[in-house]
Amino acid sequence: MPVADKIQEINDTVKAIANFIQNDETVRPDFQEYIKTVGGNKQGALNFQAACFNYIFERRLGETYKSIPAIYLEKADLSATDKKIVKGIDKAVSSVFEIKKILKNGFEFYNIINEKSYTVTSLIKMTNFRGLGSGQYVVARIMNFEKETYLLEISGVLPTTRRDDAYRFSVAKIIQNPEIVYLDNPEKQEEIEEDIKEVYDKFMEFFGVEEVITTNKHADELIGVFNDYAEDGVKADYKKLIEEPETYKYFNVSEFNNSYDNFLENSLGGFSSHKETYDVGIIYDKDLGMYAVPFWGTFNKIFESENPADIENYDKCILYFLTNDKFSANLIKRAAKKHKNFLPVVNGLKKTDYTLKELLEKYKARYLEQKIYSSTTVLYKSKAFSSTLGLIEEEEEKPKLPEGIDLSKIGRNDPCPCGSGKKFKKCHGA
């Protein structure tokens, strides 16, 4: 099929999905509510179109969290070609790209997040992109169809002078969806898998078990002590950092409700800055990497108790673990394996009769469809994160080093001679 025909087919399919969300009796009410929420019906046709795009690509409906393209695929009578296009749209990637070159019918992009270069064909005339140039950064969505890459939309543009913001936004997207780092990049995925195997062995050498429980007040330091061991082989005494909360209970942690304005800094700021005290599980999944899981101890106490209701907000805690998209299917499997009453308690709460497989298909389908490594593990192997972490550290005011200091004679784990209180490797030796 000629490229021009492919472009027309893709555009027609996108329009058909846009028409579907406005007319389907199941989807329409949710879409109308969404439009009211984002104000897309009051800001002109262009903003309505942008709202439609966001809804189609980002919205998931029902307890199984099905995507809009997947729902459309189930309901519409489509040709084989249209089905391929819808599947391509469903797997479209939203990322942050650096424009390397402007082409006659598209762009050469460098994907900051998955560290790959792409030649993309635009679905609309290039005259719509006047003002864009090499070196600028765009938030764009691309899709693959019949071995070609197509540009579905550009939703944001940053000038070359705002490189730092582009990288910060990239890291925020990685924290939200770690799989985009290795999506369409098998070399990066292999690198991550090798790292997971190596660090798992070190985790077991250090702790002797796959999971430990402490409070959020010590979790950051405990992870830091382990990271020092993973990097340098220096095994510090960590037992003083293992502390159970006074009471195992579940509650809403206000710091988890982040807007983008503070999302990255809060995510990197750690647990210790949070006002309330709660338990955190430091878990190493030998397949997916290391997790720091709030309320993991509380979640397990529910199934260890003779009366689950004795754990404050036990019902909300169970729903938190089932519906939170950051918690993998493997975590649920881990809990079910440890506790014979896991399914009876969950089914009793939900008034259902699910098998474990059915429960995972309902709440963790995304993790069954693809391998999603922990965001902590993925960040360690991300160049965007390394760059951004450097930017954040540069913005911190560090005390100046005394004159005449020979840095080559300072050990990585020695106190930094600037007097910051940090280890040298975490300060001027970074």
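Residues numbered from 1 in each chain as written. Predicted model: local features only at pLDDT ≥ 70, side-chain atom pairs only at ≥ 80, totals over all residues. Heavy atoms only, no water.

Colleague: Would you mind showing me how to read the overall build of the protein here?
Modeller: Helix and strand content of the protein: 17 helices and 10 strands. Taken across its 430 residues, the protein has 46% of its residues classed as buried. Residue pairs at least 24 apart in sequence account for 63% of intrachain contacts in the protein once pairs closer than 6 positions are excluded. For the protein, the accessible surface area stands at approximately 22600 Å², while carbon and sulfur atoms represent 48% of it. (Helix = DSSP H or I, 4+ residues; strand = E, 2+ residues; numbered from the N terminus. Buried < 20%, exposed > 50% of the residue type's maximum accessible area, 1.4 Å probe, protein only. Contact = heavy atoms within 4.5 Å. Areas by Shrake-Rupley, 256 points an atom, 1.4 Å probe, with all protein chains shown as cover.)

Colleague: Mind showing me how you'd approach the pairing of strand β7 (residues 148-158) here?
Modeller: Along any regular strand the residues' side chains alternate between the sheet's two faces. Across two bridges, the pairing between strand β5 (residues 116-122) and β7 is parallel. Residue pairing in the sheet places Ser122 in a bridge with Leu151 of β7. As paired elements, strand β6 (residues 137-145) and β7 share nine bridges and run antiparallel to each other. Of the residues in β7, the one forming a bridge with Met143 is Tyr150. Between β6 and β7, which follow one another and run antiparallel, lie two residues, and Glu146 among them has a positive phi close to 50 degrees. (Pairing = 2+ DSSP bridges.)

Colleague: How should the packing of aromatic side chains be read in this particular structure?
Modeller: For any two aromatic rings, the description comes down to two numbers: the centre-to-centre distance and the angle of the planes. Overall, the coordinates contain 35 aromatic pairs when judged by the stated rule. On the basis of an interplanar angle of 65 degrees and a centroid distance of 5.2 Å, the ring pair of Phe20 and Tyr72 is categorised as edge-to-face. With a gap of 52 residues between them, Phe20 in helix α1 (residues 3-23) and Tyr72 in helix α4 (residues 68-75) connect regions that are remote in the sequence. By the burial criterion, Phe20 is buried, and Tyr72 matches it. Residues Phe271 and Tyr278 carry aromatic rings whose centres are separated by 6.5 Å and whose planes lie at 80 degrees to one another, so their mutual orientation is edge-to-face. Tyr278 matches Phe271 in its accessibility class, with the two residues each being buried. Members of the aromatic cluster, connected to one another through ring pairs, are Tyr250, Phe251, Phe271, Tyr278, Phe295, Trp296, Phe299, Phe303, Tyr320, Phe321, Phe327 and Phe342. The ring of Tyr167 carries Arg163 above its face, with NZ or CZ at 4.2 Å from the centroid. One residue, Arg366, lies across the ring of Tyr367, its end atom 5.5 Å from the ring centre. (Phe/Tyr/Trp six-rings, centres within 6.5 Å; stacked < 30°, edge-to-face > 60°. Lys NZ or Arg CZ within 6 Å of the ring centre and 35° of its normal.)

Colleague: Could you clarify how one ought to interpret empty space enclosed by the protein in this entry?
Modeller: The gaps of empty space that remain are located by a probe, the size of a water molecule, rolled over the atoms. Here the structure, examined in full by the defined rule, presents one cavity of 30 Å³ or more. Forming the walls of the largest cavity are Asp195, Ile196, Val199, Tyr284, Met290, Thr377 and Tyr380. Listing elements by their share of the lining of the largest cavity, those giving two or more residues are α7 (186-207) and α16 (375-380). Residues of the lining of the largest cavity, tallied by class, amount to five nonpolar, one polar and one charged. (1 Å grid on protein atoms, 1.4 Å probe; cavity = no way out; pocket = protein on both sides within 12 Å on 5 of 7 lines; lining within 4 Å. Points joined across faces, edges and corners; volume = space filled by probe spheres on them. Nonpolar A, V, L, I, M, F, W, Y, C, P; charged D, E, K, R; others polar.)

Colleague: Hey, could you run me through the environment of Asn114 in this one?
Modeller: Relative to the assigned elements, Asn114 resides in the loop between β4 (106-111) and β5. We classify Asn114 as buried; its relative accessible area is 1%. It is 7.8 Å that separates the C-alpha atoms of Asn114 and Lys188, two residues lying 74 residues apart in sequence. Within the structure, Asn114 has its side chain in polar contact with the backbone nitrogen of Lys116 (distance 3.1 Å). A polar side-chain atom of Asn114 sits 3.1 Å from the main-chain carbonyl oxygen of Leu183. (Polar contact = N/O pair within 3.5 Å; in protein donor to acceptor, adjacent residues only side chain to side chain.)

Colleague: Would you mind going over a negative patch on the surface with me for this structure?
Modeller: Among the surface-exposed residues, Glu187, Glu190, Glu194, Glu198, Asp201 and Glu205 lie close enough to one another that they form a single negatively charged patch. Along the chain, Glu205 falls in helix α7. (Patch = residues over 30% accessible without salt bridge, like charges linked within 9 Å, V, L, I, M, F, W, Y side chains within 5 Å. Salt bridge = Lys/Arg side-chain N within 4 Å of Asp/Glu carboxyl O. Lys, Arg positive; Asp, Glu negative; His and termini not counted. Charge placed at Lys NZ, Arg CZ, Asp CG, Glu CD.)

Colleague: Explain the sheet that holds β6 to me, please; I cannot follow it from the model alone.
Modeller: Across a sheet, paired strands are connected by hydrogen bonds in the backbone, their directions being either parallel or antiparallel. Sheet architecture is closed into a barrel: five strands sit in the order β3-β4-β5-β7-β6, paired in mixed fashion. Ignoring strand direction, the axes of neighbouring strands in this sheet form an average angle of 55 degrees. Taken together, the six bridges between β4 and β5 define a ladder with antiparallel strand orientation. By the bridge assignment, Tyr110 is partnered in β5 with Ser117. Against the sheet, α1 engages β5, β6 and β7, with an angle of about 60 degrees to β7. (Axes fitted to C-alpha atoms, helices over the stretch in contact; angles between N-to-C directions.)

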